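# Observations on the three-dimensional arrangement
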Amino acid sequence: MPRFINVEDFREQARRRLPRTVFDYLEGGAGNDRGLETNRAAFDRFELVPKRFRNVSVRSSAIELFGATLAAPFFIAPTGLNGLLWPDGDIALARAAAAAGVPFVLSTPSQCSIEEVAAKASGALWFQLYVVDRALADALVARAWTAGYRTLMLTVDVPASPKRERDLHNGFSFPMRATPRTIAESLAHPRWTYRVARHGGQVLANFLSDATSAAPALLRREMDASLTWTYLSHLRASWPGRLIVKGVMDPLDAIKCFERGADAVLLSNHGGRQLDSAPAPIAMLPHVAALVEGTLLVDSGFRRGSDIVKAIALGASAVAIGRAVLYGLAVGGESGVRDVIAILEDEIDNTLAQIGCASATALSSEFIAYRAPTTTAMLPVAP
Ligand SMILES: Cc1cc2nc3c(=O)[nH]c(=O)nc-3n(C[C@H](O)[C@H](O)[C@H](O)COP(=O)(O)O)c2cc1C
């Protein structure tokens, strides 16, 4: 059994254990994957400055968000098709999050339904909304409220289907079609094939009773591209719980979200999966935090506890974790997710000690040193 000491170890095992087509769906970005590199590289622009002679013998990573305590300053991001990685993957993620005392966000294209996840997992459950059809969106929101979800996350960064070139090359589809390629990959990964085939991980659970064409449209990522600020106001008026807007990058957009009653904004480039040329959200965070009053959340590219510490120090209230926990899910189901969460928690705690900060709530930009991006390569060559 390999030793897993960091998220990268889980990533490598997930790569080995999943069929290539499935791993590429999980891992891939838009275009030529530049967004993945941008997201990771941006963390190096910020360094953490240790402070000395501070009592860090007792430390806490807990934070407050929306009047509740999170045991660690992160939560599990919404991701679709988790059942391709592990049977009932949504429930495994939700249970691992509950055990760790952090929220789990259920995606619209989940493979366990809104109601099933609420019945089988305790803890803070949030629901992520994609708007394909407005009437259907209203119905999903009503179902989420009835099932006990009290935080709604509206994702706004899929105005068009992204060009995911790994998926296009691999012929990825959902439900997965039997092609010579996928059959060969399944035969090479019998444990995955047995697990996923046995549990029929090929449905979008929230749409089973839906007679419209919403599910295929959702899978083609044909969201309602006509959304304007009016829709946000509509949602604000109809949803009595907390409302988060996910996928904002522009500071002025963030201000408008708060003006229209959002409780938080999640700075995100969808993990580099939508627009290849988008900046890294962690790089935008200080600019947005300087201009905006309101709860800021952030995701995209977080793989280390120190990444999370940097985000909180730069003004985020909490971080959403996407692929890092999915690697754990693909390797070991709920226990794999728990292991990844434990690694992140341990790294956060260790980083807090290293920088002389006893509590995640005391993090501030005083702990950050900025490194200007190197521009040498862009300078004009002297004649
Ligand atoms: C496999 C996968 C599926 C995703 N599905 C959704 C989704 O259904 N809804 C959504 O709002 N974001 C979705 N996302 C984006 C994540 O919520 C999050 O923004 C992103 O994963 C953060 O980047 P990271 O993976 O580098 O942590 C998905 C991401 C991945 C990797």
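All of these numbers come straight from a predicted model, not from anything done at the bench.

### Concerning the packing of helix α14 (residues 305–313) against helix α15 (residues 323–355)
Describing two packed helices takes the angle between their axes plus the distance from one axis to the other. With their axes 7 Å apart at the nearest point, α14 and α15 run at an angle of 60° to one another. Overall, the two elements α14 and α15 adopt an arrangement that is oblique. For the element pair α14 and α15, the recorded crossing hand is right-handed. Contact residues: α14 offers G305, S306, I308 and V309, while α15 offers L344, E347, I348, T351 and I355.

### Details of the pattern of salt bridges
In the structure shown here, the tally under the stated rule is 20 salt bridges. Its salt-bridge partner being R11, residue E27 comes within 3.0 Å of it at the nearest N-O pair. You can see E27 sitting in helix α2 (residues 20–27) and its partner R11 sitting in helix α1 (residues 7–17), a full 16 residues away along the chain. Notably, a salt bridge pairs R20 with D24, separated by 2.9 Å at the nearest N-O pair. In this pair, R20 and D24 are both assigned in helix α2, four residues apart and thus about one turn of the helix distant.

### Quick notes on the nonpolar core
In globular proteins that are soluble, nonpolar side chains generally tend to be buried together. By size, the foremost hydrophobic cluster in this structure holds 129 residues, and its most contacted members are F74, L129, I282 and L363. Top contributing element to this core by residue count: α15, with 15 residues. With residues near it in sequence (within four places) discarded, I282 still touches A42, F43, F46, V298, F302, A311 and L314.

### Section: the pairing of strand β11 (residues 318–321)
Side chains of β11 alternate between two faces, with A318 and A320 and V319 and I321 buried alike. Pairing of strand β4 (residues 74–76) with β11, which is carried by three bridges, proceeds in the parallel orientation. Among the inter-strand pairings, F75 is bridged to a residue of β11, identified as A320. Of the strand pairs in this sheet, strand β10 (residues 295–298) and β11 are connected by two bridges, and their pairing is parallel. Residue L297 lies in a different strand from β11, and its bridge partner there is A318. You can see the chain leave β10, run along α14 and come back into β11, and the turn it takes is right-handed.

Scoring rules and cut-offs
Residues numbered from 1 in each chain as written. Predicted model: local features only at pLDDT ≥ 70, side-chain atom pairs only at ≥ 80, totals over all residues. Heavy atoms only, no water. Axes fitted to C-alpha atoms, helices over the stretch in contact; angles between N-to-C directions. Helix = DSSP H or I, 4+ residues; strand = E, 2+ residues; numbered from the N terminus. Parallel < 35°, antiparallel > 145°, perpendicular 65-115°, else oblique. Left-handed = near helix turned anticlockwise from the far one by under 90°. Contact = heavy atoms within 4.5 Å. Salt bridge = Lys/Arg side-chain N within 4 Å of Asp/Glu carboxyl O. Core = buried A, V, L, I, M, F, W, Y, C linked by side-chain atoms within 4.5 Å. Buried < 20%, exposed > 50% of the residue type's maximum accessible area, 1.4 Å probe, protein only. Pairing = 2+ DSSP bridges. Right-handed = clockwise from strand over helix to strand, strands pointing away.

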